[in-house]
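# Structure at a glance
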Amino acid sequence: MLKLYGFPISNYYNKVKVVLYEKGLPFEALESVPCQEEWMLQCSPLGKVPYLETENGFLTESQVICDFLEAAHPSPALFSKDPWQQAKERELLTMTELHLELVVREVYTQAFFGGTVSEGTRNRTEKLLRRNIVAFKRLAKFAPYVAGDTFSMADVAAGIHLPILGMATQAVYGEDFLQAAGIDWKAYSKRLAERESFQRMRADQKAYQQAQQAKKAG
């Protein structure tokens, strides 16, 4: 059986979990947090999560894991078989993760964890995000899915990362940059929430958060 390591607050862990649920694959979810212990580095060379244990060994990097799952279990497909449409899906996926999520990650400490970031970081992040969101909007269709009329791997990424971006910018800057750019991620998220895969992932996340709160209270 596949074993997925990570924790339900990690957006990239949740991304892999949604793919596993979409494909109906049995797997065991095992809690693991980033660290630099030697045993961890044997499984995940950078000490990051998520990582996946397979019968052939370990895999790291969420999109590598998702691409492996897509190749090994091609039905139901999460990428179009049409080369051009698949390229457009991958383009949106890359735009979402490299130019939106990786940028807004710079202010997560202040948005979600009670810390603060420097004014320089805030200003640089805002400048990049406002530019990159406009670029993303030029590519995204939301018709009704991000790459067109079919749910794809691009939606797995966008459905997880866009809400975090909206909440983070609201918390740090007092303005939801996505909504300000005319991207209604809340309506999009509501549509994705109708899918069993997202429902199960969010339920896992909620149960984890409640368990963590109980531990603190206890």
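Note: the structure precedes this text.
Residues numbered from 1 in each chain as written. Predicted model: local features only at pLDDT ≥ 70, side-chain atom pairs only at ≥ 80, totals over all residues. Heavy atoms only, no water.

### Here we look at helix H10 (residues 196-217)
With 22 residues, H10 should reach 32 Å at 1.5 Å per residue; the first-to-last C-alpha distance of 31 Å fits that figure. Among the residues of H10, Ser197, Phe198, Met201, Gln205 and Tyr208 are the ones counted as buried. Buried residues of H10 fall within an arc of 95° about the axis and therefore sit on the same side. For H10, exposure combined with an orientation more than 90 degrees from the buried face picks out Glu196, Lys206, Gln213 and Ala217. Contacts from the buried residues of H10 go to helix H1 (11-22), strand S2 (27-31), helix H7 (153-173) and helix H9 (185-192). (Helix = DSSP H or I, 4+ residues; strand = E, 2+ residues; numbered from the N terminus. Expected span 1.5 Å × (residues − 1). Buried < 20%, exposed > 50% of the residue type's maximum accessible area, 1.4 Å probe, protein only. Arc of directions from axis to C-beta. Contact = heavy atoms within 4.5 Å.)

### Quick word on unusual backbone geometry
Omega for the peptide link from Ser75 to Pro76 comes to 0°, which places this bond in the cis form. Within the secondary structure layout, Pro76 lies in the loop between helix H3 (62-72) and helix H4 (83-104). Cis geometry is found at the peptide bond from Ala143 to Pro144, where omega equals -5°. The phi angle at Glu61 is positive, at roughly 70°, despite the residue not being glycine. By the secondary structure assignment, Glu61 is in the loop between strand S4 (57-60) and H3. Positive phi, close to 50°, is recorded for Phe142, a residue that is not glycine. Inspection of the secondary structure puts Phe142 in the loop between helix H6 (119-139) and H7. A relative accessible area of 28% places Phe142 in the partly exposed class.

### Examining the sheet that holds S2
Read from one edge of the open sheet, four strands run S2-S1-S3-S4, paired in mixed fashion. Of all strands in the sheet, those bounded by a partner on one side alone are S2 and S4. The average undirected angle you get between the axes of adjacent strands in this sheet is 25°. In the packing of H3 onto the sheet, the strands contacted are strand S1 (2-6), strand S3 (51-54) and S4, and the crossing angle to S4 comes to about 120°. (Pairing = 2+ DSSP bridges. Axes fitted to C-alpha atoms, helices over the stretch in contact; angles between N-to-C directions.)

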